[in-house]
Every structure is written in structure tokens, then in C-alpha cells.
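Examination of the molecular architecture
Each chain is listed here by its residues.
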Amino acid sequence: MGKNDIIEKTIAYVKTELAGAEGGHDWWHIYRVWKNAQLIMQYEKADRLVVELAALLHDIADAKFHNGNEEIGPQKASEFMRTNDIDNNTIEHVVNIIRHISFKNDNQRHIFSSKELDIVQDADRLDAIGAIGIARAFNYGGFKNRTIYDPDVKPKLLMSKEEYKKSEAPTINHFYEKLLLLKEKMNTQTGRKLAAKRHQFLENFLQQFFDEWNGEK
């Protein structure tokens, strides 16, 4: 099976698996991350098949929608790739990317790192900031029935992985606990350039949000 055929088959699989998913983690999130990864690869050298497969499969079973089980995603991705005769080295690399891409696992880069992980992680993080990042944050907050903002609930910046996973804080807090931190966590030069504009959009949004909240504008 050629690389284009593998990618087309993967796209079809992901669309089926994520039908009806929460709007911030659906097929269109995957599509945007895939496109971001392709954009970054125009300027960064890497194994294209590994990057594209990892981008397409990285959220095939997000732990937050599976009772926190972080092994379902890697397992499903591995099973899909094995049934499509993808070589073992590629499978192992893609599965490692899926295991280590998450923001909450950011302290595990000493366990696994690669240029391909850098690219897919940047592509995923780009979709968490800017206009789309804002839309996704509030979509998920609504999905979880979270408060938009509560001045009495302060952001918690140094959460452990378990605290982060269990957090039920207002959506605005998520900007300070994660989204505003992503610009400085980009791995590639291209990712950093793309993140700068989107980060500024977050800053502008928050300024306007608090102006309106306080009845100032």
C-alpha cells in the first residue's frame, strides 16, 4: 500500500471513530492539526509518514473522554496500523508520539523525544491557541457545564498531572493554566513563529473580556 493510500485509509478510519465527538476534539480538530503539521514540515525536516500518521491518530481516543485511560489511544492506533501492514518502526514511533504529545505529559520528554514529536506537538498546540483555541476552550467548557469565569476561583499554575486531569475550574482559568503557556513551549522555529500571532490574539481577547466583565468598554 502506498503512502497516499495509507493516509486516505487513516483519514476514513479517524472520521468514523470520531463521529459525534465533542466539537473541540472531533475530526475537524484532527484535520487542522494534520494541516498544521504539513505546514511546519515545509520548513522542518522529518519523516513525513510518521508525522502525518501521528497527527491523524493522536486523539483517536483522548483519555479525557475515556475515564482518564491513557492507553486506549495508543492501543487503538497500534491496532489500526498493524492491520494495514505499516512497518513496526513506524508503528512504534507513532505510538510513542501519541503517548507523549499531551500538555499534561510535558515533563516526560526525557523518556521519549524526536523531531516528529516536536512537529506534531507544535501542530496540536497551535490548534489550542488563537481564535480556534478560544472557540475550543469554551466549547469544551460548555460540554462539561463549567462556569465561564468566577473571580473567586483563581488559576492554579503549578498543578500536578493528576490535578490537571481532575480540574473543574472556570474556562477562563484554562487560559492561564495552559493556553497562555504554550507559546513558550513550542519546539520548532516554525511553530514559534506561528504561535506568536495566535498568542497575541489570546492576550487581546482576555483584555476585551475583562473590560466587558468590569463594565469598562
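A short tour of the structure in this document, coming up. (Residues numbered from 1 in each chain as written. Predicted model: local features only at pLDDT ≥ 70, side-chain atom pairs only at ≥ 80, totals over all residues. Heavy atoms only, no water.)

**Description of the overall build of the chain**
Counting its regular elements, the chain contains 10 helices and 0 strands. The long-range fraction of contacts in the chain, counting pairs at least 24 apart against all pairs at least 6 apart in sequence, stands at 65%. On the chain, roughly 11500 Å² of surface is accessible, and the fraction owed to carbon and sulfur atoms is 48%. (Helix = DSSP H or I, 4+ residues; strand = E, 2+ residues; numbered from the N terminus. Contact = heavy atoms within 4.5 Å. Areas by Shrake-Rupley, 256 points an atom, 1.4 Å probe, with all protein chains shown as cover.)

**A few points about the packing of aromatic side chains**
In total, this model carries 15 aromatic pairs according to the counting rule given. Measuring from ring centre to ring centre gives 6.0 Å for phenylalanine 205 and phenylalanine 209, while their planes differ by 40°; the resulting arrangement is tilted. Separated by 4 residues within a single helix, phenylalanine 205 and phenylalanine 209 lie in helix H10 (residues 189-213), roughly one turn from each other. For phenylalanine 205, a relative accessible area of 24% translates into the label partly exposed. Residue phenylalanine 209 is classed as buried on the basis of its relative accessible area of 13%. Between phenylalanine 209 and phenylalanine 210, the ring centres sit 5.3 Å apart and the planes meet at 90°, which makes this aromatic pair edge-to-face. (Phe/Tyr/Trp six-rings, centres within 6.5 Å; stacked < 30°, edge-to-face > 60°. Buried < 20%, exposed > 50% of the residue type's maximum accessible area, 1.4 Å probe, protein only.)

**As for the side chain of glutamate 116**
As for its placement among the helices and strands, glutamate 116 is situated in helix H6 (residues 115-126). Among the polar contacts listed, one links the side chain of glutamate 116 to the backbone nitrogen of aspartate 47, at a separation of 2.8 Å. Apart from the residues within four sequence positions on either side, glutamate 116 is in contact with Ala46, Asp47, Val50, Val51, His93 and Ile97. (Polar contact = N/O pair within 3.5 Å; in protein donor to acceptor, adjacent residues only side chain to side chain.)

**Focus on helix H5 (residues 88-100)**
A rise of 1.5 Å per residue sets the reference length of H5, with its 13 residues, at 18 Å; its end C-alpha atoms lie 18 Å apart and thus fit the reference within 8%. Where H5 is concerned, the buried positions are Thr90, Ile91, His93, Val94, Val95, Asn96, Ile97, Ile98 and His100. Those residues of H5 that are buried are in contact with helix H3 (48-57), helix H4 (72-82) and H6. Structurally, the start of H5 carries an N-cap: the backbone nitrogen of asparagine 89 is 3.2 Å from a side-chain oxygen of aspartate 87. (Expected span 1.5 Å × (residues − 1).)

**Thoughts on the pattern of salt bridges**
Overall, the coordinates contain 7 salt bridges when judged by the stated rule. For glutamate 44, the salt bridge goes to lysine 115, with nearest N and O atoms at 2.9 Å. With glutamate 44 in the loop between helix H2 (27-41) and H3 and lysine 115 in helix H6, this residue pair connects regions lying 71 residues apart in the sequence. Residue classification places lysine 115 among the partly exposed positions, given a relative accessible area of 33%. Among the salt bridges present, the one from arginine 48 reaches glutamate 52, with a minimum N-O distance of 3.4 Å. Here glutamate 52 and arginine 48 lie together in helix H3, a separation of 4 residues that amounts to about one turn. Taking the relative accessible area as the measure of exposure, arginine 48 reaches 40% and is therefore partly exposed. For glutamate 52, a relative accessible area of 9% gives the class buried. (Salt bridge = Lys/Arg side-chain N within 4 Å of Asp/Glu carboxyl O.)

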